[in-house]
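Structural overview for review
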Amino acid sequence: MTSTRCAACKYFRRRCRPDCIFAPYFPADNPQRFACVHKIYGASNIGKMLEELPVELRVDAMESLYYEAKCRIQDPVYGCAGIVSLLHQELHSAQSQLAKVQAEIAFLDATNVALAKPTSSADASLVQENGIDQGLDDQFNMWFY
C-alpha cells in the first residue's frame with residue numbers, strides 16, 4: 001500500500017490500493033488536476049479509458065484529457081476547438097502577410113533589375129553605328145531629369 005493516496009482516492013475519500021489505476025497519472029500533490037478531469041469526463045469514464053489503453057499510451061492520454069478538460073472549463077462552448085480555430089486564423093493571417101511581403105520583394109527586385117539593366121542590344125548597336133552616345137537613356141545620369 002502506498003504511503004499517500006493519489007488525488008482521485010483523496011477526492012473520493014477512499015483508501016488508495018497498490019494497483020490503483022489513477023495513482024500514476026493523478027499524484028497527490030496536484031488534486032486540481034483530477035478534479036478538473038473528473039468534472040468534465042467523470043471518474044468512471046476516465047477509469048474505463050485507462051483500462052482500455054495500452055500502458056505506453058496512458059500518460060499522453062491523461063495529459064490530453066487534462067488539457068481538454070482545462071480548456072472546456074475555461075471556454076465551455078468551444079473548448080480546445082476555440083484555441084485551434086484561433087491558431088488557424090493567426091496562421092492564415094501570417095501566411096497572407098508573408099505572401100504580401102514576398103510580392104513586394106519580387107516587385108522591388110524587378111524594379112532594381114530594370115534600373116540596373118544595361119542598354120538593350122538594339123540601343124547598343126545604334127551607338128556603335130553612329131559612334132555617338134548622348135547618354136539620354138542612362139537612368140542614372142541625373143543631369144537630364
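The text that follows walks through the structure, step by step, so that each part is easy to find. Predicted, not measured: the structure shown is a model, and the values here were computed from it.

1. Comments concerning the overall build of the chain
A count of helical and extended segments in the chain gives six helices and zero strands. Per-residue burial for the chain yields a buried fraction of 19% across its 145 residues. When contacts within the chain are restricted to residue pairs at least 6 apart in sequence, those whose partners lie at least 24 apart make up 40%. Working note: accessible area of the chain is about 11000 Å², and carbon and sulfur atoms make up 57% of it.

2. Details of the packing of aromatic side chains
Per the stated rule, a full pass over the model turns up six aromatic pairs. Centroid distance F22 to F26: 6.3 Å. Interplanar angle 50°. Geometry classified as tilted. Summarising the burial analysis for this pair, F22 and F26 share the class buried. Where F22 meets F34, the ring centres are 5.8 Å apart and the plane angle is 70°; that geometry is what we call edge-to-face. Here F22, found in the loop between α1 (7-11) and α2 (31-41), pairs with F34, found in helix α2; they are 12 residues apart in sequence, far enough to count as distant. Take F34: its relative accessible area is 0%, and that puts it in the buried class. Positioned above the aromatic ring of Y66, the side-chain terminus of R33 is 4.6 Å from the ring centre.

3. Things to note about the state of the cysteines
By the definition in use, this model includes zero disulfides. Free cysteine: C9, not disulfide-bonded; nearest cysteine sulfur from C6 at 3.5 Å. C9 gets classed as buried once you look at its relative accessible area, which sits at 2%. Of the cysteine sulfurs around C36, a residue in no disulfide, the closest is that of C71, at 9.0 Å. The class for C36 is buried, based on a relative accessible area of 10%.

4. Concerning the nonpolar core
Core analysis: the largest hydrophobic core is formed by 20 residues, its most contacted members being C6, F22, F26, F34, V37, I46 and M62. Looking at this core, the elements with two or more residues in it are α1, α2, α3 (43-52) and α4 (55-74). The greatest single-element share of this core, amounting to five residues, is contributed by α4. Non-local contacts of I46, meaning those with residues more than four positions away in its chain, are made with F22, F26, F34, V37, H38, Y41 and M62.

5. Overview of the packing of α2 against α3
Two elements in contact, α2 and α3, have axes whose closest approach is 7 Å; the angle formed by their N-to-C orientations is 100°. In terms of axis orientation, α2 runs roughly perpendicular to α3. Residue-level contacts link F34, V37, H38 and Y41 of α2 to A43, N45, I46 and M49 of α3. When the residues that make up the contact of α2 with α3 are grouped by side-chain class, the tally is six nonpolar, two polar and no charged.

Each value, and the rule that gives it
- Residues numbered from 1 in each chain as written.
- Predicted model: local features only at pLDDT ≥ 70, side-chain atom pairs only at ≥ 80, totals over all residues.
- Heavy atoms only, no water.
- Helix = DSSP H or I, 4+ residues; strand = E, 2+ residues; numbered from the N terminus.
- Buried < 20%, exposed > 50% of the residue type's maximum accessible area, 1.4 Å probe, protein only.
- Contact = heavy atoms within 4.5 Å.
- Areas by Shrake-Rupley, 256 points an atom, 1.4 Å probe, with all protein chains shown as cover.
- Phe/Tyr/Trp six-rings, centres within 6.5 Å; stacked < 30°, edge-to-face > 60°.
- Lys NZ or Arg CZ within 6 Å of the ring centre and 35° of its normal.
- Disulfide = S-S within 2.5 Å.
- Core = buried A, V, L, I, M, F, W, Y, C linked by side-chain atoms within 4.5 Å.
- Axes fitted to C-alpha atoms, helices over the stretch in contact; angles between N-to-C directions.
- Parallel < 35°, antiparallel > 145°, perpendicular 65-115°, else oblique.
- Nonpolar A, V, L, I, M, F, W, Y, C, P; charged D, E, K, R; others polar.

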